[in-house]
Structure formats: C-alpha cells, structure tokens
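# Observations on the model geometry
The primary structure of each chain is shown beneath.
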Amino acid sequence: MALMQAPGSPSPGQTCALILIFTVLLQALCVAVTYVYFTNELKQMQDKYSKSGIACFLKDDDSSWDASDDESMINPCWHVKWQLRQFVRKAPRMKKLWARK
C-alpha cells in the first residue's frame with residue numbers, strides 16, 4: 001500500500017536531508033561557540049600565570065622552600081622558581097650533550 005502525499009509537500013527523503021543539515025549546522029555552531037569560549041578562558045589563564053610568574057621574580061622574597069609546607073607547595077611563585085632551578089641545573093648537561101654531536 002503506497003502512501004499518498006499531498007501535492008507540494010516535501011518527500012520523506014527531503015525532510016530527512018533537511019533535518020540532517022540542520023543538525024550538522026547546529027553542531028557546528030555549538031563547536032564554534034565552545035572553541036571561542038575556551039580560547040578566551042585559556043588566554044585569560046595564560047595572562048594570569050605569566051603575570052604571576054613575572055611578579056615572582058620582582059618580589060624580594062628570599063625565604064627558603066620547604067617541601068613539607070603545604071602553603072609553599074601550592075604557591076605558584078615557588079613552582080616557577082622550582083622549574084627555573086631545574087632548568088638551570090640541567091642546562092650544563094644539555095650543553096655537554098650538544099657539544100658532543
């Protein structure tokens with residue numbers, strides 16, 4: 001038994017294609033909005049941490065780092081200084097490795 005369509009109404013294939021196109025466009029819009037949002041958040045975080053990293057070196061804070069102290073472990077300044085110390089310690093070894101090549 002064949003279904004009769006009213007004249008001028010879209011076929012089921014056209015309806016399915018329109019729904020598919022609408023769904024893809026809606027998904028693309030959601031991806032674009034999410035991308036813009038997270039790009040903005042990442043830029044704000046990057047600005048915040050780069051400023052705090054620079055501020056660490058401008059402060060006159062010469063207190064020693066204590067690994068057992070929880071406050072110094074979560075302080076971003078100590079993380080920046082620790083990473084710099086690690087890099088400075090590794091730099092002579094890296095220089096020797098590059099000199100061998």
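Residues numbered from 1 in each chain as written. Predicted model: local features only at pLDDT ≥ 70, side-chain atom pairs only at ≥ 80, totals over all residues. Heavy atoms only, no water.

### Examining the UniProt feature "transmembrane region" (unreviewed entry) in the chain
To be explicit about the condition: UniProt positions are given in the numbering used here, feature names are shortened, and annotations may be inferred rather than shown by experiment. Under the scheme used here, helices are H or I runs from DSSP no shorter than 4 residues and strands are E runs no shorter than 2 residues, and both carry numbers assigned from the N terminus.
With numbering aligned to this structure, UniProt lists the feature "transmembrane region" (unreviewed entry) at residues 17-38. End-to-end, the C-alpha atoms of residues 17-38 are 32 Å apart, and along that stretch the chain is 100% helix and 0% strand.

### A look at the packing of aromatic side chains
For clarity, the cut-off: Ring geometry is summarised as follows: Phe, Tyr and Trp rings, the Trp one being its six-membered ring, pair when their centres sit within 6.5 Å, and such pairs are stacked at plane angles under 30 degrees, edge-to-face over 60 and tilted between the two. Per-residue accessibility, obtained with a 1.4 Å probe over protein chains only, is compared with the maximum for each type, and a residue is labelled buried under 20%, exposed over 50%, and partly exposed between these values.
Taken as a whole, this structure holds one aromatic pair when the rule is applied. With 5.1 Å between their ring centres and 75 degrees between their planes, tyrosine 37 and phenylalanine 38 make a pair best called edge-to-face. For phenylalanine 38, a relative accessible area of 52% gives the class exposed.

### Let's talk about the confidence of the model for the chain
Convention followed: The pLDDT value expresses, per residue, how confident the predictor is, ranging between 0 and 100.
With 60% of its residues at a pLDDT of 70 or more, the chain shows a mean pLDDT of 77. Per-element averaging of pLDDT across the chain places helix H2 (residues 70-74) at the bottom with 66 and helix H1 (residues 12-58) at the top with 87.

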